[in-house]
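Chains, contacts and geometry: an overview
Listed below are the residues making up each chain.
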Amino acid sequence: MNTTALIYLLTAAAVFGIGVHGLLQARQVLRQLLAINLMGGAIFLLLITLGGGAVGPPDPVPQAMVLTGIVIAVSATAFALALLLRLQDATGTSELDPNDGA
Amino acid sequence: MVHEALIGLVFLPLLGACLAVLPGRFGTRLAIVVGLASLPFLLLPVTLSVLREGAWFYTLGGWSAPLGIRLYVDPLALLMLWMVALIGGLAAAHAWHDFRPGTAAGERFWPLWLLLTAAMNGLFLSADLFNLYVCLELVTLAAIPLIAMAGSATAVRAAMRYLLLALLASLAYLLGVALLYNSSGTLDLYLLPDALATAPAPVTAFALALIGTGLLLKGAVFPLHVWLPQAHASAPGPVSAVLSALVVKTAIYLLYRVGLWSLPAGLLADGAMLLFAVLGAGALIYGGVLALLQDRLKLVIAYSTVAQLGYLLLALPLASLAAWQALTYQMLSHGLAKAAMFLAAANILHAIGSDRLSDLERLDQRTPLSLFALAVAGVSIMGLPPSGGFLAKWLLLEAAWRGGQWGLLSVLILGSLLAAAYVFRVLAAALRREDPSEAEDAEGISAIGRRQATYAMLLALLALVTGFAAAPILELMATGIPPTWGAA
C-alpha cells in the first residue's frame, strides 16, 4: 500500500470517528443527522481508496457504488430533514427524549 | 415469458408508484391495478417454473455475473414474494377505505405503498449485495413516511427514531459490503462462497459482523428492537400490518441469505449460530413479558412481533431439514396472523376510538367480526392446533427434540406459554361486562367497517388454513434448503 492510499485511509478513519463521537454526543436530531452523514462520507472515501488499485487502472465498481450511495444519502437526508420539520410542528422540539416510548 | 414475469414483479409496482403520483382518482386506481393486483398473476408462472425446474438465475440485460446484477428465484424467495402479494394485497384492500384514491390522504399514501412493494420484491429477488443495499434503503425510506402519516406526535417521534437507527444500520451494512468486496472481489451472493475461501479471515469476519449488526438492527432483533414497538403501534392499521408481517422480515431474510447461502461451509463458527439462538431466546422471553405488561392493544401486538421474531433466529444452530421447514413456516404463519391482528386492532380502534385494554369491554357485541379475527389469529400466534403457527412451532419442537437441545426446547415452551398469556389477557379484556344493564346496545357498524373486518378475517382464516394445507408448501421449502444445511 502506498503513502497516498494510507493518508486517505487514515482520513476516512478519522472522519468516521468524528461521526461516531458526534452521534453519541448530540442531543439534537439535526446534529445526529450531520454525524450520520459524516460517517457515510467516511465510508465512501474508504470505498474509493480501496478501489484505487496500486497497480493498473482503478476498479470501476466501487466508483459506481459510491455514486449510488451518495444519491441515497442525499435523498435519505432530505427526507430526514422534512421529517424533522414535522417533528418540530408536532412536538415543539427538535430533540428525541430517550426516555419516552420504547 | 417467465423472465418478463419475474422482472414485472419489480417493474410493475415501480411503474404503479409513478402512476399513483398523477393527480385525480384515475391515476391511482390504474396504479393499484397495475402495481398490486397484477402480482399474483405474475407470480403464478414463476412459481410453476420453480416447481418444474428448481431455482434459477436471470441475468439482467444479458450482463453476466461478475459485472452485471443477477436476479435469483428459489423457494424461499417465492414464499416471500407470495407473502408480499397476498398480505400486502389484503392490507391494501383495507387501506383503500381509509386512504381513498382522489383524496389528499390517498395521494400521499399510494405512491409510497407501491414503492414499498416494489422495493420488497426487488430485495427478495436480488442476488447482489450492493443492489440489496439499495433495496433495503428503499424499503426503509418508503416505510417510514407511511408511519409518520398517522400524524400524531407519537407517530412522528417513532418514525424519526426508526429513521436514525435505520440509517445507522445501513451504514454498518454498507461498510461491511465495502470490506467484503475489497477482500473477495465480487458482490454476487452466490459467487461469494468460492471467492471468500481464499480471502483473509479477519477482514471477512469483521465485514460479516458489520453486516450482521446492521441487519439485526433493521430486523428489530432483541436487544436492538427499541425502535419497533412505538413505530409499529402508532402507524396507520394497514401500515402496521405490513411493517410487522413483511418489512422487518426483509432484514431477517437477508440475514439468512448472507449467513446460509453466501458463505463457504464452516466459515460461520458455531459461536455465531449460538449467538443468534441466544438473541432469539432473549427476544422470545423479553418480548413476551413486555407484551404482557402493555395496556394498549396495538402495543401488545407490536411486542408480540418482537417475541415472534425470536423464533426465526432460535432454530439456526439446529441446521436440519425440519428446522428449515419450521423457520420458513414461521415466516409465513406469523406474517398472516400478525397482519390479521393489526388490521383487526385498527378496526377496533376505529370503531370505539381507543385501543386501551380497559376500554375494550363487550367487544364481542360491538365489533364481533374483528374480535373473532383477532382471536383466530391469536390461536396461530400461541401455536395452538389447528393453525399455521402450531405447525411451525411443532416442527421446531421436533427439530429441537431430535437435536437433543433441551435448553432450546424449554425456551420454546416458555415462549408459547407467554404468548398464550398475552393473547388471553386481550381476549379477557374484550369479553368483559362492566355494567350488565347496558349489555343490549349493539352499536351499528358501517358497511365500510364490515368490509374492513372481512379483510382481517380473511387473513386470520389464511393463518388457520396454513395449518391444514401445509404439505405442498413444506415440500417446496425442503427443495430450497440452504446449501450449507443441505448435507444435514
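In this text, all values refer to a predicted model and were calculated from it rather than measured experimentally.

What chain B contains, in helices and strands, is 20 helices and 2 strands. Taking 23 Å as the expected radius of gyration for a compact globule of 488 residues, we find that chain B reaches 22 Å, a close match to that expectation. Per-residue burial over chain B gives 63% buried out of 488 residues. Of the contacts formed within chain B by residues at least 6 apart in sequence, a portion of 80% connects residues at least 24 apart. Here chain B has roughly 16,900 Å² of accessible surface; of this, 69% comes from carbon and sulfur atoms. The averaged location of the 23 negative side-chain charges in chain B is 4 Å from the averaged location of its 24 positive side-chain charges.

Attention shifts here to the interface of chain B and chain A. Listed by partner, the interface residues are 30 residues for chain B and 34 residues for chain A. With both sides pooled, the region where chain B packs onto chain A buries about 3,000 Å², and carbon together with sulfur makes up 82% of that total. Applying the counting criterion to the chain B and chain A interface returns 0 salt bridges. For the pair chain B and chain A, the interface holds 1 residue pair in polar contact (both at pLDDT 80 or more). Residue assignment for the side of chain B that touches chain A shows that the elements contributing at least two residues are helix H6 (129-148) and helix H7 (153-184) of chain B. Of the residues forming the side of chain B that touches chain A, the biggest block, 18 residues, is contributed by H7(B).

Residues and elements named next belong to chain B. Counted according to the given criterion, the structure contains 9 salt bridges over all chains. A salt bridge links glutamate 137 to lysine 218, with the shortest nitrogen-to-oxygen separation between them at 3.3 Å. You can see glutamate 137 sitting in helix H6 and its partner lysine 218 sitting in helix H9 (residues 201-218), a full 81 residues away along the chain. Across the pair, lysine 218 and glutamate 137 agree in class, each one buried.

What follows is about the confidence of the model for chain B. Summing up the model confidence of chain B, the mean pLDDT is 89 and the portion of residues at 70 or higher is 97%. Quick note on the complex model: pTM equals 0.93, ipTM equals 0.92.

In this section: H9(B). The α-helix winds at 3.6 residues per turn, so residues separated by three or four positions along the chain end up facing the same way. Residues and elements named next belong to chain B. Over its 18 residues, H9 extends 26 Å from the first C-alpha to the last, a length consistent with the 26 Å expected when each residue adds 1.5 Å. Those residues of H9 not exposed but buried are Thr204, Ala207, Leu208, Leu210, Ile211, Gly212, Gly214, Leu215, Leu216, Leu217 and Lys218. Buried positions along H9 lie against H6, H7, helix H8 (192-197), helix H11 (237-261), helix H12 (270-293) and helix H13 (297-314). Looking one or two residues past H9, alanine 220 carries a phi angle of roughly 55°, positive in sign.

Once that is clear, we can look at a positive patch on the surface. A surface patch of like charges, here positive, comprises B:Arg25, B:Arg29, B:Arg100 and B:Arg451. Its location among the elements puts B:Arg25 in helix H2 (residues 25-37).

Residues and elements named next belong to chain B. A two-sided burial pattern is seen for strand S2 (residues 70-73), the buried positions comprising Arg70 and Tyr72 on one face and Leu71 and Val73 on the other. Summarising the sheet, strand S1 (residues 56-59) and S2 pair through 4 bridges and their orientation is antiparallel. The residue of S2 that forms the bridge with threonine 59 is arginine 70.

Time to look at the state of the cysteines. Counting across every chain of the model gives 0 disulfides over all chains. B:Cys18 forms no disulfide, and the closest cysteine sulfur to it belongs to B:Cys135, at a distance of 15 Å.

Residue and element names in this part refer to chain B. Here the bond from phenylalanine 222 into proline 223 is cis, since omega is 0°, no more than 30 degrees from zero. Secondary-structure assignment places proline 223 in the loop between H9 and helix H10 (228-234). Backbone torsion omega between proline 385 and proline 386 reads -5°, so that peptide bond is classified as cis. Looking at the secondary structure, you find proline 386 in the loop between helix H16 (368-382) and helix H17 (388-402). Positioned with a positive phi, alanine 220 is a non-glycine residue whose angle comes to about 55°.

This part is about the side chain of B:Asp74. Residues and elements named next belong to chain B. Note on placement: aspartate 74 falls in the loop between S2 and helix H4 (75-98). A relative accessible area of 1% means that aspartate 74 is categorised as buried. When residues no more than four places from it in sequence are discounted, the contact partners of aspartate 74 are Ala55, Arg257 and Trp261.

What follows is about the environment of B:Gln294. Residues and elements named next belong to chain B. Within the secondary structure, glutamine 294 sits in the loop between H12 and H13. In sequence terms glutamine 294 and alanine 346 are 52 residues apart; their C-alpha atoms lie 17 Å from each other. With residues up to four places along the chain from it excluded, the contact list for glutamine 294 reads Leu299, Val300, Tyr303, Leu357 and Arg425. At a separation of 3.1 Å, a polar atom in the side chain of glutamine 294 contacts the main-chain carbonyl oxygen of leucine 290.

The subject of this paragraph is the nonpolar core. All names here are of chain B. Of all hydrophobic cores here, the largest spans 226 residues; its most connected members are Trp110 and Trp113. If one sorts the elements of this core by residue count, H7 sits on top with 20 residues. The residues contacting tryptophan 110, other than those within four sequence positions of it, are Ala20, Thr28, Ile32, Leu36, Ala92, Ala95, Trp96, Phe99 and Pro101.

Together, A:Leu30, A:Leu34 and A:Leu81 make up an exposed nonpolar region whose accessible area comes to about 260 Å². Of note, A:Leu81 is situated in helix H3 (residues 60-91).

Before going further, it helps to spend a moment on the packing of H7(B) against H9(B). Each packed pair of helices is defined by two parameters, the angle between the axes and the distance between the axes. Residue and element names in this part refer to chain B. Running from amino to carboxyl end, H7 crosses H9 at an angle of 155°, the nearest separation of the two axes being 8 Å. As far as their axial angle goes, H9 and H7 are roughly antiparallel. The element H7 and its partner H9 pack so that their crossing is left-handed. Residues Leu165, Ala166, Ala169, Ser170, Ala172, Tyr173, Leu175, Gly176, Val177, Leu179, Leu180 and Ser183 of H7 pack against Val203, Thr204, Phe206, Ala207, Leu208, Leu210, Ile211, Gly214, Leu215, Leu217 and Lys218 of H9. Looking at side-chain class alone, the contact of H7 with H9 contains 17 nonpolar, 5 polar and 1 charged residues.

Calculation criteria
- All residue numbers here refer to positions counted from 1 along the written sequence of the relevant chain.
- Naming scheme: in the order in which they are written, chains are lettered from A and ligands are numbered from 1.
- In view of the model being predicted, local features appear only for residues whose pLDDT reaches at least 70, and side-chain atom pairs are presented and counted only at 80 or more, with totals across whole chains, interfaces and linings using the full set of residues.
- Side-chain figures throughout are based on the complete set of non-hydrogen atoms in the structure, without hydrogens or water.
- Secondary structure is summarised from DSSP: a helix means a run of H or I of at least four residues, a strand means a run of E of at least two, and numbering begins at the N terminus for each.
- All radius of gyration figures rest on C-alpha atoms, and the globule criterion is 2.2 Å times the number of residues raised to 0.38.
- Residue exposure (1.4 Å probe, protein chains only): buried if accessible area is under 20% of the type maximum, exposed if over 50%, otherwise partly exposed.
- Between two residues, a contact is recorded if the distance between any of their heavy atoms is within 4.5 Å.
- Per-residue accessibility takes into account occlusion by the displayed protein chains alone, with areas from the Shrake-Rupley method and a 1.4 Å probe.
- Positive charges come from Lys and Arg alone, negative charges from Asp and Glu alone, with His and the N- and C-terminal ends not counted.
- Throughout, a charge is located at the NZ atom of Lys, the CZ atom of Arg, the CG atom of Asp or the CD atom of Glu.
- In short, buried area is how much 1.4 Å probe accessible area vanishes from two parts on joining, totalled over both.
- Salt bridges are counted wherever a side-chain nitrogen of Lys or Arg sits within 4 Å of a carboxyl oxygen of Asp or Glu.
- Nitrogen and oxygen atoms within 3.5 Å of one another constitute a polar contact, given that in protein one can donate a hydrogen and the other can accept it, and given that sequence-neighbouring residues count only through two side-chain atoms.
- Values of pLDDT, which run from 0 to 100, indicate the predictor's confidence residue by residue.
- Multiplying 1.5 Å by the helix residue count minus one yields the expected span of that helix.
- Nonpolar side chains (Val, Leu, Ile, Met, Phe, Trp, Tyr) within 5 Å and like charges within 9 Å form the patches, drawn only from residues with over 30% relative accessible area and no salt bridge.
- Two strands qualify as a pair provided that DSSP identifies no fewer than 2 bridges between them.
- Our working definition of a disulfide is a cysteine sulfur pair at a distance within 2.5 Å.
- Put simply, buried Ala, Val, Leu, Ile, Met, Phe, Trp, Tyr and Cys residues joined by side-chain atoms within 4.5 Å make one nonpolar core.
- Axes, fitted as lines to C-alpha atoms, cover a helix only where it is in contact. Angles between the N-to-C directions of the axes lie from 0 to 180 degrees.
- Angular relationships are summarised with four words: roughly parallel below 35 degrees, roughly antiparallel beyond 145, roughly perpendicular across 65 to 115, and oblique for the angles in between.
- Note: crossing handedness is left-handed where the near helix turns anticlockwise from the far helix by less than a right angle, and right-handed where it turns clockwise.
- When residue character is reported, Ala, Val, Leu, Ile, Met, Phe, Trp, Tyr, Cys and Pro are called nonpolar, Asp, Glu, Lys and Arg charged, and the others, Gly included, polar.

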